[in-house]
Amino acid sequence: MRSHLELHNSPHQTLKFYKLFVFQNTSPDHYTYPILLRSCTARVSEPEGKQIHDHVVKFGFDSDVYVRNTLINLYAVCGNMVSARQVFEESLVLDLVSWNTLLAGYVNLGDVMEAERVYDLMPERSTIASNSMIVSFGRKGSVVKARRLFDQIQGKDMVSWSAMISCYEQNGMCEEALVLFVDMNANGVMVDEVVVVSAISACTSLSVVWMGRSVHGLTEKVGIQDYVSLQNALIHLYSSCGEILDAQKLFNGGIVLDLVSWNSMISGYLMCGLVEDAKTLFDSMVEKDVVTWSAMISGYAQHGCFAEAVALFQEMQLLGIKPDESALVSVISACTNMAALDLGKWIHAYISKNKLRVNVILGTTLIDMYVKCGCVENALEVFHAMEEKGVSTWNALIRGLAMNGLVEKSLNMFADMKKTKTLPNEITFMGVLGACRHMGLVDEGRRYFSSMTQEHKIEPNVKHYGCMVDLLGRAGLLREAEELIESMPMAPDVATWGALLGACRKHHNNEMGERLGRKLIQLQPDHDGFHVLLSNIYASRGNWGDVFEIRRVMAQHGVVKIPGCSMIEANGIVHEFLAGDKTHPQINDIEHMLDEVAAKLKIEGYAPITSEVSLDIDEEEKETALFNHSEKLAVAFGLITIPPPAPIRIIKNLRICNDCHTVVKLISKAFDREIVVRDRHRFHHFKHGSCSCMEFW
DNA sequence: ATAGGGTTAG
């Protein structure tokens, strides 16, 4: 009778057989019910379990501990702790398994409080119960409590070690996890395929391949190497450490792998930058899950293939696959990079329409997208709607407000943040100091900078120093800026020197500029920015001989100036313009529009700022060169394509030049259009002839 | 033949 039921592996078969069996009026014995209940538990099917429970009562098997324990487990696994508890409390006889099962139920539901209460009430503490508690503490991040308990266990078994190692690993204490794993071996405790997975995960997080290799060797020695999850952990280890060939060897190694293995291999290729290989594998997969899509989309986004990321997301939509948070995060960040605001808004609407949960990461990504597209209002809306906010959420908004010229709002936001329990971090101060920089708030900047160590116990890093140098330099305090560089406890980076050099150019300190420029070119002969800045300093003085010399050195070292590029989205398509670009299909219309702009601006009294052109050409040619700047082409295209009153939004890879800034200001007045330009640094909101940056950038 | 530990994306 028992074997008949068990023969039917499929749970449905088991239940069908049972109904037949009851129908024949054969009386069940006490083996019958646990089998049926386990079948329900395996499928997490509470209604069916309830049915069996009724039969248990009807046939009088509800006094059997074994049967009752199986019932407790069924309800616990289904998440119904009320019923599980009821069965437990109504039991006349309880054994250790009853307690352990109830405890495990609370642990798996994350109810540490109740788990602890049950654990304290247990008449006798088994190793199994203690192991459960280690897991429970681990999930709540109480590593110290877990360790204390681990040390108290008298008869530690393999699972005790395994749970404690996993606890460390899950809480980011990977060194401790590995130390304990080594300890476990030294104590002669057996290892199995589960505990080595935790150890390998720890090696992966720490990027210690050699240790991972030795664990891999151990598994072969003990003969447990053929487990799928172990293979998956190893594939992940090797690919995260850049050993893609080892990962590939395992992947092609003949062991039957599952979907996770394929996903791991795809993300492995992507981690190693092998986007093509990842896509080939992706295309060859018959069965894909959300993780597969998500991995591919985020891989694309991380490698700058934004259009591909978006395309894949749309393909996923067409196939009716529901994106998870990760896919959404990746595709939104792709939108941010491409300045595809319309698509970004569509995804936001999709999230709202489908009532998807906006967690901290997703919310922060949305805020970042909105602020980087110049939509402060939308960003604030998302921010206020978020139930849970992380540091990164505040950081995104503080930085974003400042980028959009709302410096005061940004600093107020920082003050609000301090009122909450969220502690600021290094990145927060990048935002705060950046805000001061955008408005030239030298005194405030100094105060925030010193408050980092004084008040918040955060040591400033190179970037914070760079920010301060830039702030001082822009304000014309060149000596103080240079002194700050000299006082830095670490070596200044390229950006720090670059900031000072830029300040020299801005404040026409050619002596210091030349001195720094020459030094920096020696330091970094392949850096395009230094050459360009120095060349600009010479050019502004009409020193064409030196300009020519620098160009020659650049050519000799193969230094190429990154070309200016502006992007604009129209009707869901992103258009790109380079300086002097004639390749756009609507170039004739654009040039017509530029003529119209030139005519209108003449009336407004515009004079081209030809000193922005670092070429030895005559004035008229300089004017033409200025009008070829990519942002002007993009604005002209926007004037043609985007109907008012919608703002014209442009993204530029470099900083906007002085002349373009003036021209766009005038256009905003002459054509009565709102124009938003994001350069590599910040936003410029042009409206009625003025800009949100208040001439500070 | 009832209870405890593990893998992939962000």
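Everything numeric here is computed off the predicted structure, so don't read it as measured data.

## Considering the protein's contact with DNA strand B
Phase 1 of the analysis: Close to DNA strand B lie 44 residues; N100, N131, D157, D192 and S229 are nearest.
Phase 2 of the analysis: A share of 50% is what sugar and phosphate atoms reach among the atoms of DNA strand B within 4 Å of the protein.
Phase 3 of the analysis: The contact in question runs from a base oxygen of DNA strand B to an N or O atom on the side chain of N69, over 2.9 Å.
Phase 4 of the analysis: One of the side-chain nitrogen or oxygen atoms of T101 is found 3.3 Å away from a sugar or linking oxygen of DNA strand B.
Phase 5 of the analysis: Looking at side-chain class alone, the surface near DNA strand B contains 13 nonpolar, 22 polar and nine charged residues.

## A short note on the packing of helix α18 (residues 275–284) against helix α19 (residues 290–302)
Phase 1 of the analysis: It is the contact of α18 with α19, at a shortest axis distance of 11 Å, that shows an interaxial angle of 155°. Judged by the angle between their axes, α18 and α19 are roughly antiparallel. The interaxial crossing formed by α18 with α19 has left-handed handedness. Where α18 abuts α19, its residues V275, A278, K279 and F282 lie against T292, W293, M296 and Y300.
Phase 2 of the analysis: Residues that form the contact of α18 with α19 fall into these classes: six nonpolar, one polar and one charged.

## With respect to the packing of aromatic side chains
Phase 1 of the analysis: Applying the stated rule across the entire model yields 11 aromatic pairs.
Phase 2 of the analysis: With centroids separated by 5.0 Å and ring planes inclined at 80°, the aromatic side chains of F383 and W394 adopt a geometry described as edge-to-face. Of this pair, F383 sits in helix α24 (residues 376–385) while W394 sits in helix α25 (residues 391–403); the two residues are 11 residues apart in sequence, bridging distant segments of the chain.
Phase 3 of the analysis: Classification of F383 as buried rests on a relative accessible area of 3%.
Phase 4 of the analysis: Given a relative accessible area of 6%, W394 falls into the buried group.
Phase 5 of the analysis: Taken together through their ring pairs, the aromatic side chains of F414, F429 and Y448 make up a single cluster.
Phase 6 of the analysis: The ring of Y119 carries the charged tip of R125 above its face, separated from the ring centre by 4.5 Å.

## Overview of the side chain of T70
Phase 1 of the analysis: If you trace the backbone, T70 turns up in helix α5 (residues 65–77).
Phase 2 of the analysis: In contact with T70, other than residues within four places in its own chain, are P34, L37 and R38.

## Thoughts on the domain arrangement of chain A
Phase 1 of the analysis: Each assigned domain of chain A is listed here: domain 1 (461–561) and domain 2 (565–691).
Phase 2 of the analysis: Centre-to-centre, using C-alpha coordinates, domain 1 lies 27 Å away from domain 2.
Phase 3 of the analysis: Summed over both partners, the interface of domain 1 with domain 2 buries about 580 Å², with 42% contributed by carbon and sulfur atoms.
Phase 4 of the analysis: In terms of surface lost to domain 2, no three residues of domain 1 exceed R474, W544 and R551, which account for 60% of the buried area on that side.

So, how was this worked out
- Residues numbered from 1 in each chain as written.
- Chains lettered and ligands numbered in written order.
- Predicted model: local features only at pLDDT ≥ 70, side-chain atom pairs only at ≥ 80, totals over all residues.
- Heavy atoms only, no water.
- Near = heavy atom within 4 Å.
- Polar contact = N/O pair within 3.5 Å; in protein donor to acceptor, adjacent residues only side chain to side chain.
- Nonpolar A, V, L, I, M, F, W, Y, C, P; charged D, E, K, R; others polar.
- Axes fitted to C-alpha atoms, helices over the stretch in contact; angles between N-to-C directions.
- Helix = DSSP H or I, 4+ residues; strand = E, 2+ residues; numbered from the N terminus.
- Parallel < 35°, antiparallel > 145°, perpendicular 65-115°, else oblique.
- Left-handed = near helix turned anticlockwise from the far one by under 90°.
- Contact = heavy atoms within 4.5 Å.
- Phe/Tyr/Trp six-rings, centres within 6.5 Å; stacked < 30°, edge-to-face > 60°.
- Buried < 20%, exposed > 50% of the residue type's maximum accessible area, 1.4 Å probe, protein only.
- Lys NZ or Arg CZ within 6 Å of the ring centre and 35° of its normal.
- Domains from an automatic or database assignment.
- Buried area = accessible area lost by both parts, 1.4 Å probe.

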